[in-house]
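Examination of the molecular architecture
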Amino acid sequence: MDNDVKPETIPPYIPRDDTVTLIDLCSSDDSDVEEHVAERRYNSVGAKRGRDTSSAWDRENVKRGTVENELAVVLPPGGFDQSVPPVNMTHTFPADPCNAFSHMPAAGVSSGRVGSCKQFWKAGDYEGAPGGNWDLSSGGFDHVRVHPKFLHSNATSHKWALGAFAELLDNALDEVATGATYVNVDMLENKKEGNRMLLIEDNGGGMDPEKMRQCMSLGYSAKSKLANTIGQYGNGFKTSTMRLGADVIVFSRCPGKDGKSATQSIGLLSYTFLRSTGKEDIVVPMLDYKKSDPEWSKIVRSSLSDWDKNVKTIIQWSPFSSEEDLLRQFGLMKDRGTRIIIYNLWEDDHGLLELDFDADPHDIQLRGVNRDEKNIKMAAQFPNSRHFLTFKHSLRSYVSILYLRIPPAFRIILRGKDVEHHNVVNDMMQTEQITYRPQYGADTYVKDSNMSAVVVLGFVKDAKHHVDVQGFNVYHKNRLIKPFWRIWNAAGSDGRGVIGVLEANFVEPAHDKQGFERTTVLSRLETRLVQMQKIYWSTNCHKIGYAPRRYKPVNGYSHRDTSPENDPEGSAPPGIKTRASDKFYSSSYPSHHKGDNGVPGKDSTLYLQEELRREKERSKALEDEVNIAREKIEEMSKEQENLIEIFTEERDRRDGEEENLRKKLEETSNTIEELLNKIRKLEDSKGSSWRR
């Protein structure tokens, strides 16, 4: 193999007084794997590890013993830039059952503090055994050791737990290329410990033993070489599983092809095991089987005793009680697939699981700051804003918008119920489409200069209720990276109700796939999206009940004019302002636009002519705006005069009616007086007749 091969050396976890093999897992650009053998001898030490009925996190003060001395795989003590040692190369190793590079403390001495912290953000606070000698080398190159605490610190890139789920779903979706038709996420009961576990399984092509080791390795990714795949850093599996729980066990079955036998593998990545036993290297027990019709047989890499010790380690630190119990998991995946079980799930400060399985029997939700009861009530009232209001705490809501497109016939099943794919465009009204073409700098490497993004933006259908919903869903290679990215933080209600969707393949996502790398290209995209939102809002806000706004274009920019060549801000050289009031001959004027003695040269003259042309266009646009404003003022004056006339007529009409009523009242009063006089006369006449 060439010297540029990147080996990931995985020496076995070796008991004393045994002769075993040292396995080097080496990954090259062609995914080649080689093994070399080195003999080691140790003296046995320690007693069996204590067991109790409490959670694995509550087992403290455990001494190194036979369980610790079981054969496993160390990930990866080797650096990624060294050459592969010859196959027949042998080494003499120090007597340390935990790793091949340091001496173990004397028998009976605690190997490190064993913590019982169940909270993710505090779980990395522990120490392993004291550091050992660093004089061991392989092929003339020193190995770089990876401490188990790196698993935890690596996982802290996921600030948001639902982002960890997305990583695992990405892996399953990538398996569509190998025939996967579904991914299932569910909650399982740990019968051994009496607590809850997470299950993520798919029916894709599975992993053979080498791919399983690559999956457990840090930084390895074959997907970076493949088109239409989401993964690229080789880090997602480790960071996501560790973010959700302390331990993970993986079952994978790979059908035979190209004349190879079918295989099935089991791998255990247990932070509880590493932490409780004070390991200084990442130790990963593994078991491999191959199909020998009609039975499955063991793939023994060194000896049967080593195999048995791997089995014992996995059984002791996993939710399963026997090898038969482990093998039964393969019966649940038929002829292919991968089954991931995450257990010892993290808890919050109140001692409750960070993941809430009880709020909704068909959902997995988050407790704590991501959960807003007010938003949950609003989501029921405003269904078109539901995803904006609930995606931060609801896995079902988040996964429904996680992908811009879902392959035909592919199902995402969450706790027994299919997740219904949702396109946020369906929540919009009065939509517009704008094509954005990125502008690249001279020092920017561009894979495809013809890349562009179609931005669809509009009002959410609930905008007439003045719900504070806004932001852009930005996708990269079909995967949602920035959900409802709020980039315009205006005072008051400006921008409210405007949402957008775009797929920006010309910007690179960060490692946690919850944001983008801060580059000039991203900054220009962000600036343009802000302008798009401002123009759309100022043009249409009156349609949903807001007072009309007037947006002043920057340098004559229009949201229909989005290509780089028409971007005055982006095309102006550094140090030159593009507004009319700015001085072109500033001290920061670039030297390449000047001739000798600082006098503008031919290029700068052309540039100034272009600026003058643009200034004329901007002046013309301002004149048009002034004329339009004058016309509006005249119309408003006419409307005011009409209103005055209407009010005058109404006042005259009311005065007339009042006068008529006054006359009628006077006439009525006179009539009443006349009638009263008649009544008096009649009474007087009757009285005179009675006296007679």
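Residues numbered from 1 in each chain as written. Predicted model: local features only at pLDDT ≥ 70, side-chain atom pairs only at ≥ 80, totals over all residues. Heavy atoms only, no water.

- An unreviewed UniProt entry annotates the protein as Morc S5 domain-containing protein of Brassica oleracea var. oleracea.
- In the Sequence similarities (unreviewed entry) part of its UniProt record, the protein is described as follows: "Belongs to the MORC ATPase protein family."
- UniProt's Subcellular location (unreviewed entry) comment on the protein is quoted here verbatim: "Nucleus". (UniProt positions renumbered as here; feature names shortened; annotations may be inferred.)

Quick notes on the overall build of the protein
- Counting secondary structure elements, the protein contains 13 helices and 22 strands.
- The 692 residues of the protein split such that 50% are buried.
- A separation of at least 24 residues holds for 70% of the contacts in the protein among residues at least 6 apart in sequence.
- Accessible surface computed for the protein: about 35100 Å², of which carbon and sulfur atoms make up 50%. (Helix = DSSP H or I, 4+ residues; strand = E, 2+ residues; numbered from the N terminus. Buried < 20%, exposed > 50% of the residue type's maximum accessible area, 1.4 Å probe, protein only. Contact = heavy atoms within 4.5 Å. Areas by Shrake-Rupley, 256 points an atom, 1.4 Å probe, with all protein chains shown as cover.)

A short note on the sheet that holds strand β19 (residues 453-460)
- Spatially, β18-β19-β22-β20-β21 is the arrangement adopted by the five strands of the open sheet, whose pairing is mixed. Single-partner strands in this sheet number two, and they are β18 (428-436) and β21 (479-485). Going across the sheet, the axis of each strand differs from the next one's by a mean of 15°, ignoring polarity.
- Two elements, β19 and strand β22 (residues 498-503), share four bridges in a ladder whose sense is antiparallel. Within the sheet, the bridge partner assigned to Phe459 lies in β22 and is Val498. (Pairing = 2+ DSSP bridges. Axes fitted to C-alpha atoms, helices over the stretch in contact; angles between N-to-C directions.)

Thoughts on the side chain of Lys279
- Mapped onto the fold, Lys279 is located in the loop between α5 (271-276) and β10 (282-284).
- Side chain to side chain, Lys279 and Thr277 meet in a polar contact 2.9 Å long. (Polar contact = N/O pair within 3.5 Å; in protein donor to acceptor, adjacent residues only side chain to side chain.)

With respect to the sheet that holds strand β16 (residues 411-414)
- Reading across the sheet, the nine strands line up as β12-β11-β9-β8-β13-β7-β6-β16-β17 and stay open at both edges, with mixed pairing between neighbours. Each having just a single partner strand, β12 (295-298) and β17 (417-418) make up the two edges of the open sheet.
- With four bridges joining them, strand β11 (residues 286-292) and β12 adopt antiparallel strand pairing. Bridged to Tyr289 within β12 is Lys298.
- Seen against the sheet, helix α2 (residues 161-174) touches β6 (182-190), β7 (195-202), β13 (337-345) and β16 and runs at an angle of roughly 130° to β6.
- Here helix α3 (residues 209-216) sits on the sheet and contacts β8 (245-254), β9 (263-270) and β11; the angle it forms with β9, its principal contact strand, is near 20°.

Topic: the packing of α2 against helix α4 (residues 236-244)
- Direction vectors running N to C along α2 and α4 enclose 140°, while the axes themselves pass 8 Å from each other. Classed by the angle they form, the pair α2 and α4 counts as oblique. Relative to α4, α2 is oriented so that their crossing is left-handed. In this structure, α2 contributes Ala161, Ala164, Phe165, Glu167, Leu168 and Asn171 to the contact, and α4 contributes Gly236, Phe237, Ser240, Thr241, Arg243 and Leu244. (Parallel < 35°, antiparallel > 145°, perpendicular 65-115°, else oblique. Left-handed = near helix turned anticlockwise from the far one by under 90°.)

Section: a nonpolar patch on the surface
- Together, Leu643, Ile646 and Phe647 make up an exposed nonpolar region whose accessible area comes to about 330 Å².
- Topologically, Ile646 is positioned in helix α13 (residues 602-691). (Patch = residues over 30% accessible without salt bridge, like charges linked within 9 Å, V, L, I, M, F, W, Y side chains within 5 Å. Salt bridge = Lys/Arg side-chain N within 4 Å of Asp/Glu carboxyl O.)

Observations regarding the pairing of β16
- Note: β6 against β16, four bridges, orientation parallel. The residue bridging Tyr182 from the neighbouring strand is Arg411, located in β16.
- For β16 and β17, the ladder comprises two bridges, and the chain directions are antiparallel. When the bridges of β17 are listed, Leu414 appears paired with Lys417.

What to know about a negative patch on the surface
- Taken together, Glu641, Glu645, Glu649, Asp652 and Asp655 make up a surface patch of like negative charges.
- Secondary-structure assignment places Asp655 in helix α13.
- On the basis of relative accessible area, Asp655 is assigned to the partly exposed category, the value being 43%. (Lys, Arg positive; Asp, Glu negative; His and termini not counted. Charge placed at Lys NZ, Arg CZ, Asp CG, Glu CD.)

What about the side chain of Asp170?
- As for its placement among the helices and strands, Asp170 is situated in helix α2.
- Assessed through its relative accessible area of 1%, Asp170 is described here as buried.
- There is a polar contact of 2.8 Å between the side chain of Asp170 and the side chain of Arg479.

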